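The primary structure of each chain is shown beneath.
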Amino acid sequence: MSGPLIVLVGPMGVGKSTVGELLADRLGTTYRDTDADVVATAGKPISEIFFDEGEEHFRELERQAVHTAVAEHRGVLSLGGGAVLDETTRALLADHPVVYLSMDVEEAVKRVGLNTARPLLAVNPRRQWRELMGARRHLYTEVARASVATDGRTPEEVAQAVLDALELPERAGDPAAPGRENTHMTDQGPTRIQIAGSAGTDPYEVLVGRQLLGELPTLIGDRAKRVAVLHPEALAETGEAVRQDLAEQGYEAIAIQLPNAEEAKTVEVAAYCWKALGQTGFTRTDVIVGVGGGATTDVAGFVAASWLRGVRWIAVPTTVLGMVDAAVGGKTGINTAEGKNLVGAFHPPAGVLCDLASLDSLPVHDYVSGMAEIIKAGFIADPAILDLIEADPEGARTPTGAHTAELIERAIRVKAEVVSSDLKESGLREILNYGHTLAHAIEKNERYKWRHGAAVSVGMVFAAELGRLAGRLDDATADRHRAVLESVGLPLTYRGDQWPKLLENMKVDKKSRGDLLRFIVLDGLGKPTVLEGPDPAVLLAAYGEVSA
């Protein structure tokens, strides 16, 4: 019988998307998520469908999406948590290779309890989880050919268990596999990481590899007549080369030079860009390309979001920080005197090109700064990142390291999984702010002269100590923060006499609610959660642990 190669079922938050993408990668095929199909059809998040039309309407959309996907898709398919409630869906799955991914209640609450966008876990997560599973567990088991527990396992281990359970050989890189699209082609082409569309936005891909600029015309498309290439002063030659190449492709291409780093993120620079677009006659079908580090892509995305209420843009990050953080997820913005990124918009790019060759000439301090965001991804979601760094800390400090591509890809996949579920930071996406509350306060205090990654490093050590003092985090994991960060050359301390200023800065942080300070802390490795309104004495004690 034709149909999907693997169908993943299981409760919300079990990791179907992450595992599904890994399986597709290993099998040399494509991945599809019926929840993403429903969002694309409805043009709004699932939580809004529940609120506006009710659960019954959502279930009908879900049933249609599942039946269509099973008929059309030949790769790895994951279904929404409640899809098995429909009798016709269960009958449809009877002859397909279905795998049930399971987890216990405590693990479930830690994984999904933060996400207020989960419409069925809005009040008492533990009780409602037990009720949901009481109604669904036997249905998952009924449709599944195999069951795989995810508790205490990494996504890679779960993916391997699925392959073992179905006795499927890995086929990644096999171009002869019929009906399959190779999503990780190593020497033959880039790794392609999917970001699901949500809230009326289109899905897009993050490409990781080398010599990727040839992909630009495909992403820009035929409808665009004009292209504006935004680049920092430090990359003037690169920006001009991209502009010239696009001009040779037939586009009316202009280059707009920005100041370097955070100096670009001002309303004056944005206004300069708007003037250039206006004088060029930029229309809604034209495209902006941001070539540079995180600050450049932040500005490029913000200008794209604000010009004509939104034009398409493409990110070409040239730093580690830009690749794993700033260019992925659609958060764009500029700074004000009052704080970082306080003016901005959620405006996802049409695509992201992470050309690893651009890292070869990156100064070591800038490269190491970007490692902070990779390490953050390891602590909040993918501990394999930490294992790779600990195995070769010197290699992690350089683009020529043995694990460079894998570290960058893993960090991007962590962010991709989160932002695909929560574009506008209504719940789950907040975990990406681990270490950032204090980091942003430090950056503001230093008038943005500190590198972002350096500030995040200190912020993560602070968050680890805060978690430990609050009785949430074990000593070994807290201490591991210092060891891993220090091993790659990131700072662990900041000036002790600055605490009053930092505290005031944190009160205007975007993560605060009124006067209530909020911090992301860990309940354990890969188990982020929110700590609201901690005791001022505990905050001071935690800061004492990072004071120089």
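Residues numbered from 1 in each chain as written. Predicted model: local features only at pLDDT ≥ 70, side-chain atom pairs only at ≥ 80, totals over all residues. Heavy atoms only, no water.

Side note on the overall build of the chain
So, point 1. Of regular secondary structure, the chain possesses 22 helices and 16 strands.
So, point 2. Across the 548 residues that make up the chain, the buried fraction comes to 56%.
So, point 3. Relative to all contacts within the chain whose residues are 6 or more apart in sequence, the contacts with residues 24 or more apart total 74%.
So, point 4. If you sum the accessible surface of the chain, you get close to 22100 Å²; carbon and sulfur atoms cover 50% of it. (Helix = DSSP H or I, 4+ residues; strand = E, 2+ residues; numbered from the N terminus. Buried < 20%, exposed > 50% of the residue type's maximum accessible area, 1.4 Å probe, protein only. Contact = heavy atoms within 4.5 Å. Areas by Shrake-Rupley, 256 points an atom, 1.4 Å probe, with all protein chains shown as cover.)

Some words on helix α3 (residues 46-53)
So, point 1. Along α3, the residues that are buried comprise Ile 46, Ile 49 and Phe 50. The buried residues of α3 occupy an angular sector of 100° when projected down its axis, which confines them to one face.
So, point 2. For α3, the elements touching its buried residues are α2 (34-42) and α4 (55-72).
So, point 3. One or two positions beyond α3, positive phi appears at Gly 54, with a value near 95°. (Arc of directions from axis to C-beta.)

What about empty space enclosed by the protein?
So, point 1. Applying the stated rule across the entire model yields five cavities of 30 Å³ or more.
So, point 2. What the second largest cavity holds in volume is close to 50 Å³.
So, point 3. Forming the walls of the second largest cavity are Val 324, Glu 373, Lys 376, Ala 377, Ile 380, Ala 411, Val 414, Lys 415 and Leu 432.
So, point 4. Of all elements in the fold, only α14 (364-380) and α17 (404-421) reach the threshold of two or more residues within the lining of the second largest cavity.
So, point 5. Counting residues per element, the lining of the second largest cavity draws most heavily on α14, which supplies four residues.
So, point 6. The residue makeup of the lining of the second largest cavity, split by class, is six nonpolar, no polar and three charged. (1 Å grid on protein atoms, 1.4 Å probe; cavity = no way out; pocket = protein on both sides within 12 Å on 5 of 7 lines; lining within 4 Å. Points joined across faces, edges and corners; volume = space filled by probe spheres on them. Nonpolar A, V, L, I, M, F, W, Y, C, P; charged D, E, K, R; others polar.)

Notes on the packing of aromatic side chains
The way to describe two aromatic rings as a pair is by their centre distance and the angle between their planes.
So, point 1. Counting across every chain of the model gives six aromatic pairs.
So, point 2. Here a set of aromatic residues connected by ring pairs shows up, and it is made of Phe 462, Trp 499, Phe 519 and Tyr 543. (Phe/Tyr/Trp six-rings, centres within 6.5 Å; stacked < 30°, edge-to-face > 60°.)

Observations concerning the pairing of strand β4 (residues 98-102)
So, point 1. Summarising burial for β4: five of the five residues are buried, a large majority.
So, point 2. Going residue by residue along β4, you find Val 98, Tyr 100 and Ser 102 tucked away on one face and Val 99 and Leu 101 tucked away on the opposite face as well.
So, point 3. For strand β1 (residues 6-9) and β4, the ladder comprises three bridges, and the chain directions are parallel. The partner of Val 9 across the bridge, within β4, is Tyr 100.
So, point 4. Relative to strand β5 (residues 146-149), β4 runs parallel, the two being bridged by four bridges. When the bridges of β5 are listed, Leu 101 appears paired with Val 148. (Pairing = 2+ DSSP bridges.)

Re the nonpolar core
So, point 1. The biggest cluster of nonpolar side chains holds 97 residues, and the ones touching the most others in it are Val 206, Ile 288, Ile 375 and Phe 462.
So, point 2. Apart from the residues lying within four places of it in its own chain, the contact partners of Val 206 are Thr 191, Arg 192, Ile 193, Ile 195, Val 328, Val 352, Cys 354 and Ile 412.
So, point 3. Counting 21 residues, the second-largest nonpolar core is a separate cluster that includes Val 19, Leu 22, Ala 24 and Leu 163. (Core = buried A, V, L, I, M, F, W, Y, C linked by side-chain atoms within 4.5 Å.)

Focus: the side chain of Glu 62
So, point 1. Position of Glu 62 among the secondary structure elements: in helix α4.
So, point 2. Classification of Glu 62 by relative accessible area gives buried; the value is 3%.
So, point 3. Here the side chain of Glu 62 touches Arg 59 through a polar contact of 2.9 Å, side chain to side chain.
So, point 4. Non-local contacts of Glu 62, meaning those with residues more than four positions away in its chain, are made with Asp 35, Val 38, Gly 80, Gly 82 and Ala 83. (Polar contact = N/O pair within 3.5 Å; in protein donor to acceptor, adjacent residues only side chain to side chain.)

Concerning the sheet that holds strand β11 (residues 312-317)
So, point 1. Spatial ordering of the open sheet is given by β6-β7-β14-β11-β10-β8-β9, a layout of seven strands whose pairing is mixed. In this open sheet, the two edge strands, each paired with only one partner strand, are β6 (191-195) and β9 (252-258). On average, each strand axis in the sheet is tilted by 15° relative to the strand beside it, whichever way the strands run.
So, point 2. One ladder, built from four bridges, connects strand β8 (residues 226-232) with strand β10 (residues 287-292); its direction is parallel. Each residue of the ladder has a partner; that of Leu 230, found in β10, is Gly 290.
So, point 3. Lying on the sheet, helix α10 (residues 236-248) is in contact with β8, β9 and β10; it crosses β8 at an angle near 170°.
So, point 4. Those strands touched by helix α11 (residues 267-280) are β8, β9 and β10, and its axis lies near 165° from that of β9. (Axes fitted to C-alpha atoms, helices over the stretch in contact; angles between N-to-C directions.)

Some details on the confidence of the model for the chain
So, point 1. Confidence in the prediction for the chain averages 86 pLDDT; 88% of positions are at 70 or higher.
So, point 2. In this model residues 111-125 is a low-confidence stretch, pLDDT under 50, and it forms 43 contacts with partners more than four residues away in sequence or in other chains.
So, point 3. Within the model, the stretch residues 172-188 combines pLDDT values under 50 with 31 contacts to residues more than four positions away or in other chains. (pLDDT = per-residue confidence, 0-100.)

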